[in-house]
Amino acid sequence: MDRQAVFQLLEQETWWTGLTRESLDCALRNSLCFSLVEGNQQIGLARVITDYVTYAYLCDVCIMKEHRGQGLGSWLIRSVLEHPDLNRLKRVALITHDAQTFYLGLDFRFPPQLNCYMERLQ
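Residues numbered from 1 in each chain as written. Predicted model: local features only at pLDDT ≥ 70, side-chain atom pairs only at ≥ 80, totals over all residues. Heavy atoms only, no water.

A. Region of interest: the sheet that holds strand β1 (residues 32-38). One open sheet holds the four strands; their spatial order is β1-β2-β3-β4, and the pairing between them is mixed. Here the strands that pair on one side only, and so sit at the sheet edges, are β1 and β4 (91-93). Sheet twist, expressed as the average angle between the axes of neighbouring strands with direction ignored, equals 25 degrees. As paired strands, strand β3 (residues 55-63) and β4 are joined by three bridges and run parallel to one another. Bridging from a neighbouring strand, Tyr57 pairs with Ala93 of β4. (Pairing = 2+ DSSP bridges. Helix = DSSP H or I, 4+ residues; strand = E, 2+ residues; numbered from the N terminus. Axes fitted to C-alpha atoms, helices over the stretch in contact; angles between N-to-C directions.)

What follows is the structure, given as structure tokens:
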């Protein structure tokens, strides 16, 4: 994984604020990461936080802007979900503010009872 390219890719996205090289390095070390590479160039990334038994949180899914619209994002997510360490999990969750239609096309669904999901913001 080209960490410099990943940093440059993510720092352009409005949904990751407060990104530092140190925070990215820590996040990558503590996650199952998937790289999308064309030739020698890092063009995409997906990161998964998981206990490898019941639950995974899919995050930091990003494809370089000039490579979007070619089906690479769908292929990347399907590859993540089919990974042998993840394909038997009970739940894979994610949060998105602008890509609901994309993830609905990959069989993600809104939970039936949103009053059961909770979080504590710091």
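B. Inspection of the nonpolar core at higher detail. Ranked by internal contacts, the top residues of the largest apolar core, which has 30 residues, are Leu10, Leu24, Phe34, Val48 and Leu58. The set of elements that each furnish at least two residues to this core consists of α1 (3-11), α2 (21-29), β1, β2 (41-50), β3 and α3 (72-82). In terms of residue count, the dominant contributor to this core is β3 (five residues). Setting aside residues no more than four positions away along its own chain, Phe34 makes contact with Gly44, Leu45, Ala46, Val48, Leu76, Ser79, Val80, His83 and Leu86. (Core = buried A, V, L, I, M, F, W, Y, C linked by side-chain atoms within 4.5 Å. Buried < 20%, exposed > 50% of the residue type's maximum accessible area, 1.4 Å probe, protein only. Contact = heavy atoms within 4.5 Å.)

C. Up close: the pairing of β3. Taken across its nine residues, β3 has seven buried, putting it largely inside the fold. Two elements, β2 and β3, share six bridges in a ladder whose sense is antiparallel. In the sheet register, Gly44 faces β3, and the bridge partner there is Ile63. Between β2 and the antiparallel strand that follows it, β3, lie four residues; Tyr52 among them carries a positive phi value of about 65 degrees.

D. Expanded view of unusual backbone geometry. Phi at Tyr52 is positive, roughly 65 degrees, even though this residue is not glycine. Look at Asp60: it is not a glycine, yet its phi comes out positive at around 50 degrees. Relative accessible area serves as the criterion here: at 12%, Asp60 is assigned to the buried category.

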